[in-house]
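Residues per chain are reported as follows:
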Amino acid sequence: MEYREYMDTLGEQIKNARARRMVLREIQGHIEEQCAAYEAQGMGSQEAMEQAVLQMGDPVQTGAELDRIHRPRTPWSLICLALGLTAVGIVTQFLIFYNMADSPSWENVWMHNGRNTVIYNLIGLAVMLGMMYVDYSFIGRHVYFLYGLYLGGIFIIHMWPLSYDQSQSAFYHMVSLYPILLAGLVYRGRKKGMKGLWLCMALTFAVPAFCVGCLGHINSACPEILLISGIMLLTAVHRNIFGGRRRWQWLTLAGTAALCVVGIGYMAVCDNSWLSGNQRARLFCFLHPEKAANGAGYVAIRQRELLGSYSLWGQQGLVERLADGGPGGTDLAGAYVLSAIFAGVGILAGVLVVSGLLYFGGKALRISLGQRNRLGMLTGMACSLSLLLHSAVLIAINCGYSLYYTTGIPFLAYGLGYAVTNGVVVGLLLCVCRNGGILGEEASARAESFRLGRHRYRLRVERLSDQD
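Described in the following lines is the structure provided in the data block.

Looking now at the overall build of the protein. Within the protein, the regular secondary structure consists of 21 helices and 2 strands. Evaluated residue by residue, the protein yields a buried proportion of 47% over its 468 residues. Counted over contacts in the protein with a minimum sequence separation of 6, partners at least 24 positions apart contribute 73%. For the protein, the exposed area adds up to about 23,100 Å²; of that, 61% sits on carbon and sulfur atoms.

This is the structure in structure tokens:
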């Protein structure tokens, strides 16, 4: 069978167009390598090509097997868990607003908050499902353009006439999406050695610097993205994505991390002028809770006191006590939603919700780290780390231990910003999981190679005859 006929027949067996392109590119590389090996043994070019094609096996059988392997695989377990957590959030918000109403009635709850709760979550789910079906490789192809749009979006939020709370929330949601862009930046910097690492680090530190320039103080999302970015860069160096000498890359990251810890510690303890007034009050409360009991630390201390009041199946009236002199209805349906679940529904329900959040993020991270496409691995890692970190911060806030209040809340919180941001992050994560077998590298090597000592060796894969 001729080469072109073989490739056409094999390609017809693979239904997904993106998988077909990836598989044919890999098969072409294997055939060309085998052909070159036969020519090196003294065969003519025509005979070598025929033998190389013959070694690949029957095109129909091979194509059918490759189609079984390389096809979209919808992550139904994660989707069902996401829908379940979203439903928990909606029900909890309805219960909170009902218990907090001056004249409790489901009609009032629906008119004032319930309708918005349903609409916001439907929008978030639509964003999630839409993102699941995009081609996430556009992040790698257009990352510098997207980075410019990203900074432009932050500046527009700064210039837009919003209230203080609206501005802080909008800044947080925008800044918290940066690790997704870093995935594309690292991917574009592959095999560029220290140059690629330095560029990623510079563009990462530019984001909090730009925010401070716009706001006059640092946004609470900035330390989050720096932590996630540091983990992503460590993983990139560990997997040798940048190439070059990893020793200097490790030293660079370690030195930068040490400087960041020392700098942040100094500014927090000795000079916290880079924080807003509210942030300084929360920092003082975190460091000296006993001195802030009648001021900024009241809510946090009350949260800690109420931890001992939770029962296994919930307690009537405890949700109202959570808001007594502390967070109101929208806060309870936002940052303190876990407290409302533990108080009103019980410890068992609260533990199940927390376990669901952590399980979702942990499983998504494990799937992401197993991606053979480095852009998919980095993108999934960015999204899953964001979900895990936001879940951890949410748990800390509801236990009365937190340095800041505004945080991304997966699935559970009230508000359009939370729903849309979570939809983008979870949707991209599901997209990575779904396309793990059909999206390959943009320019993959024709053969796998490895280094041993001063020499580089190449592995050639060849199909053995069934008779052997």
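Time to look at a negative patch on the surface. A cluster of acidic side chains, namely Glu2, Glu5, Asp8, Glu12, Glu47 and Glu50, defines a negative patch on the protein surface. Residue assignment for the negative patch shows that the elements contributing at least two residues are helix 1 (3-12) and helix 3 (45-55). Broken down by element, the residue count for the negative patch peaks at 3 residues, all from helix 1. With respect to the helices and strands, the residue Glu12 is situated in helix 1.

A few words now on the environment of Asn99. In this structure, Asn99 sits in helix 5 (residues 76-100). On the basis of relative accessible area, Asn99 is assigned to the partly exposed category, the value being 28%. Each C-alpha atom, one on Asn99 and one on Gly344, is 9.6 Å from the other, the two residues being 245 residues apart in sequence. Aside from chain neighbours lying at most four places away, what touches Asn99 is Val319 and Glu320.

Counting 102 residues, the largest nonpolar core has Val175, Tyr178, Val186 and Leu233 as the members making the most contacts within it. Setting aside residues up to four positions removed in sequence, Tyr178 forms contacts with Tyr147, Tyr150, Leu185, Cys200, Leu203, Thr204, Val207, Ile225 and Ser229. Of all hydrophobic cores here, the second largest spans 17 residues; its members include Val23, Ile31, Ala52 and Val53.

In total, this model carries 8 aromatic pairs according to the counting rule given. Ring geometry for Tyr147 versus Tyr178: centroids 6.4 Å apart, planes at 75°, classification edge-to-face. Residue Tyr147 is located in helix 8 (residues 143-159), and its partner Tyr178 is located in helix 10 (residues 178-188); the two are separated by 31 residues in the primary sequence. For the ring pair Tyr310 and Phe342, a centre distance of 5.8 Å and an interplane angle of 25° mean the geometry is stacked. Linking Tyr310 in the loop between helix 15 (298-306) and helix 16 (318-322) with Phe342 in helix 18 (residues 337-344), this pair joins segments that are 32 residues apart in sequence. Accessibility expressed as a relative area gives 12% for Tyr310, which makes it buried. For Phe342, a relative accessible area of 16% gives the class buried. Counting every residue linked through ring pairs, the aromatic cluster contains Phe97, Tyr120 and Tyr414.

All right, on to unusual backbone geometry then. A negative phi angle characterises most non-glycine residues, just as the trans form characterises most peptide bonds. Of note in this structure, Lys191 is not a glycine but carries a positive phi near 65°. Judged by relative accessible area, which is 57%, Lys191 ranks as exposed. Of note, Phe411 is a non-glycine position whose phi angle comes to about 70°, a positive value. Tracing the backbone shows Phe411 in the loop between helix 20 (374-398) and helix 21 (416-434). What makes Phe411 buried here is its relative accessible area of 6%.

Let us look at helix 21. The end-to-end C-alpha distance of helix 21 is 26 Å, a good match for the 27 Å that 19 residues give at a rise of 1.5 Å each. Of all 19 residues in helix 21, 16 are buried, a share of seventy percent or more.

With that settled, the discussion passes to the side chain of Ser220. Its place among the elements puts Ser220 in the loop between helix 11 (193-215) and helix 12 (221-238). Classification of Ser220 as buried rests on a relative accessible area of 10%. Not counting residues within four places of it along the chain, the set of residues in contact with Ser220 comprises Tyr172, Gln279, Tyr404 and Thr406.

The contact between helix 18 and helix 20 brings their axes to 8 Å, and the two run at 60°. Overall, the two elements helix 18 and helix 20 adopt an arrangement that is oblique. You can see that helix 18 and helix 20 cross each other, and the crossing is right-handed. Counting all contacts with helix 18, which are made through Val337, Leu338 and Ser339, the residues of helix 20 involved are Leu394, Ile395 and Asn398. Taken together, the residues that form the contact of helix 18 with helix 20 break down as 4 nonpolar, 2 polar and no charged.

Before going further, it helps to spend a moment on the environment of Arg247. Looking at the element boundaries, Arg247 is found in helix 13 (residues 246-269). The class of Arg247 is exposed, set by a relative accessible area of 64%. Separated by 10 residues in the primary sequence, Arg247 and Val237 place their C-alpha atoms 9.3 Å from one another.

The contact between helix 5 and helix 6 (residues 106-132) brings their axes to 9 Å, and the two run at 165°. Comparing their axes, helix 6 and helix 5 come out roughly antiparallel. Seen along the crossing, helix 5 lies across helix 6 with a hand that is right-handed. Mapping the contact onto sequence places Ile79, Ala82, Leu83, Thr86, Ile90, Gln93, Phe94, Leu95, Phe97 and Tyr98 in helix 5 and Trp106, Val109, Trp110, Asn113, Gly114, Thr117, Val118, Asn121, Leu125, Met128 and Met132 in helix 6. Counted by class, the contact of helix 5 with helix 6 contains 15 nonpolar, 6 polar and no charged residues.

A surface patch of nonpolar side chains, amounting to about 590 Å² of accessible area, comprises Leu312, Trp313, Ile347, Leu348, Val351 and Leu352. Relative to the assigned elements, Leu312 resides in the loop between helix 15 and helix 16. Since its relative accessible area comes to 45%, Leu312 is described here as partly exposed.

What counts, and where the lines are drawn
Once a new chain begins, its residue numbering starts again from 1 and follows that chain's sequence as written. Since the coordinates come from a predicted model, pLDDT governs what is reported: local features require at least 70, and pairs of side-chain atoms require 80 or more to be given and counted, while whole-chain, interface and lining totals use all residues. Side-chain numbers here rest on the full set of heavy atoms in the structure, without hydrogens or water. Numbering of helices and strands starts at the N terminus; helices are DSSP runs of H or I of at least 4 residues and strands are runs of E of at least 2. Burial classes: relative accessible area under 20% of the type maximum marks a residue as buried, over 50% as exposed, and values in between as partly exposed (1.4 Å probe, protein chains only). Contact between two residues is taken to exist if any of their heavy atoms lie within 4.5 Å; hydrogens are not considered. All accessible areas in this document rest on Shrake-Rupley with a 1.4 Å probe, and a residue is counted as covered only by the protein chains that are shown. Residues with no salt bridge and a relative accessible area higher than 30% make up the patches, which join like charges within 9 Å and nonpolar side chains (Val, Leu, Ile, Met, Phe, Trp, Tyr) within 5 Å. Whenever a carboxyl oxygen of Asp or Glu lies within 4 Å of a side-chain nitrogen of Lys or Arg, that contact is scored as a salt bridge. Positive charges are assigned to Lys and Arg, negative charges to Asp and Glu, while His and the chain termini are left out of the count. For this purpose, a charge sits on NZ of Lys, CZ of Arg, CG of Asp or CD of Glu. What is meant by a nonpolar core is a set of buried Ala, Val, Leu, Ile, Met, Phe, Trp, Tyr and Cys residues, joined one to another through side-chain atoms within 4.5 Å. Only Phe, Tyr and Trp rings are paired, with Trp represented by its six-membered ring, and only when their centres lie within 6.5 Å; those with planes under 30 degrees apart are stacked, over 60 edge-to-face, the remainder tilted. Working rule for helices: expected span equals 1.5 Å times residues minus one. Between N-to-C directions, angles span 0 to 180 degrees; the directions come from axes that are lines fitted to C-alpha atoms, helices contributing only their stretch in contact. Comment on the angle field: the value is read as roughly parallel under 35 degrees, roughly antiparallel over 145, roughly perpendicular from 65 to 115, and oblique elsewhere. Put simply, a crossing is left-handed when the front helix is turned counterclockwise from the back one by less than a right angle, and right-handed when it is turned clockwise. We call Asp, Glu, Lys and Arg charged. Ala, Val, Leu, Ile, Met, Phe, Trp, Tyr, Cys and Pro are nonpolar, and the rest, Gly among them, are polar.

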